[in-house]
Amino acid sequence: MALLHRAEIRPGKLELLATWLPGRPWYPGPVDGEPARVASYRFDDPAGAVGIETMLVRVGAGPVYQVPLTYRDAPLAGADEWLVGTTRHSVLGPRWVYDACGDPVYAAALAAAIGTGVGQAEEYFEVDGVREVREPSMTVAVHGGAAVPAVGGVRRVTDGEPTRIVTDNLDLVVARRLPADGSPADGSAGATLTGSWPGQPTPLPLARVLPH
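The model shown is predicted, which means the values in this text are computed figures rather than measured ones.

Asks: How would you sum up the packing of aromatic side chains? Please name residues and give values.
Replies: Under the counting rule described, the total for this entry stands at 5 aromatic pairs. Centre to centre, the rings of Y27 and Y65 are 5.1 Å apart; their planes meet at 55°, and the pair counts as tilted. Residue Y27 is found in the loop between α1 (13–20) and β3 (35–43), and its partner Y65 is found in strand β5 (residues 64–72); the two are separated by 38 residues along the sequence. There is no split in this pair, since Y27 and Y65 are both buried. Where Y41 meets F43, the ring centres are 5.6 Å apart and the plane angle is 70°; that geometry is what we call edge-to-face. For the pair formed by Y41 and F43, the shared burial category is buried.

Asks: Can you break down the pairing of strand β16 (residues 200–211) residue by residue, with the values?
Replies: Pairing of strand β13 (residues 170–174) with β16 involves 5 bridges; the strand directions are antiparallel. Counted as the bridge partner of L170 is P211 from β16. Bridge count for strand β15 (residues 191–197) against β16 is 6 bridges, and the pairing is antiparallel. Its bridge partner being in β16, A191 is matched across the sheet by V209. Linking β15 back to β16 in an antiparallel pair, the connection comprises 2 residues, with G199 at a positive phi of about 95°.

Asks: Lay out the sheet that holds strand β12 (residues 163–167) in plain terms, naming residues and giving numbers.
Replies: The strands making up a sheet associate through backbone hydrogen bonding, with each pair oriented either parallel or antiparallel. Ordered in space as β10-β15-β16-β13-β12-β11, the 6 strands form an open sheet in which the pairing is antiparallel. Two strands bound the open sheet, and with one partner strand each, they are β10 (139–143) and β11 (154–158). Recorded for the sheet is a direction-independent mean angle of 20° between the axes of neighbouring strands. Bridge count for β10 against β15 is 5 bridges, and the pairing is antiparallel. Paired with A141 across the two strands is T194, which belongs to β15. The sheet contacts of helix α2 (residues 104–116) involve β10, β11, β12, β13, β15 and β16, and relative to β13 the element is tilted by about 95°.

Conventions we followed
- Residues numbered from 1 in each chain as written.
- Predicted model: local features only at pLDDT ≥ 70, side-chain atom pairs only at ≥ 80, totals over all residues.
- Heavy atoms only, no water.
- Phe/Tyr/Trp six-rings, centres within 6.5 Å; stacked < 30°, edge-to-face > 60°.
- Helix = DSSP H or I, 4+ residues; strand = E, 2+ residues; numbered from the N terminus.
- Buried < 20%, exposed > 50% of the residue type's maximum accessible area, 1.4 Å probe, protein only.
- Pairing = 2+ DSSP bridges.
- Axes fitted to C-alpha atoms, helices over the stretch in contact; angles between N-to-C directions.
- Contact = heavy atoms within 4.5 Å.

Worth remembering: the numbers are spatial, not functional.
See below:
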């Protein structure tokens, strides 16, 4: 489960993405575009230390982009190239925001979500000691494939369309530009995470696991 906070975040996530997206090799959109949030989903960090949120955004009339993010209370060693930016959370304080594909906590969470078939984490607020569940903005499901082992150490990440996270025992393939026709991210077989949201009733492939 993912605990959320009613808080102010400055600069906001979309503000960070507006300056970060134009430098991505998989983003051909305008450099001065303003990303708009389409939907999002979260995974749970079992240690409770890292926030894991995947945002779906669109710039103008362009395609929907998938941007997994991790939120940390301190810099991630050796991950400067994956830093999206820093922000201040009115409850949690300074936060370092990373492209999650370069964060090993995300790799483990993605593999676990697909491997267990659980998909996204339930999101909730705590108000005066009472848990209030937030309705998800999209539906995430897992299709196909066999049991997925726990992810090994991350060896390398190829940041492209799709982005490939290579670990000791499996590859994670993360779509960046979501295909409106529902075609696979890279045409390969494997256990697949799909998502749908209002305005997109046909599930689209978000990520897949390819065992070695």
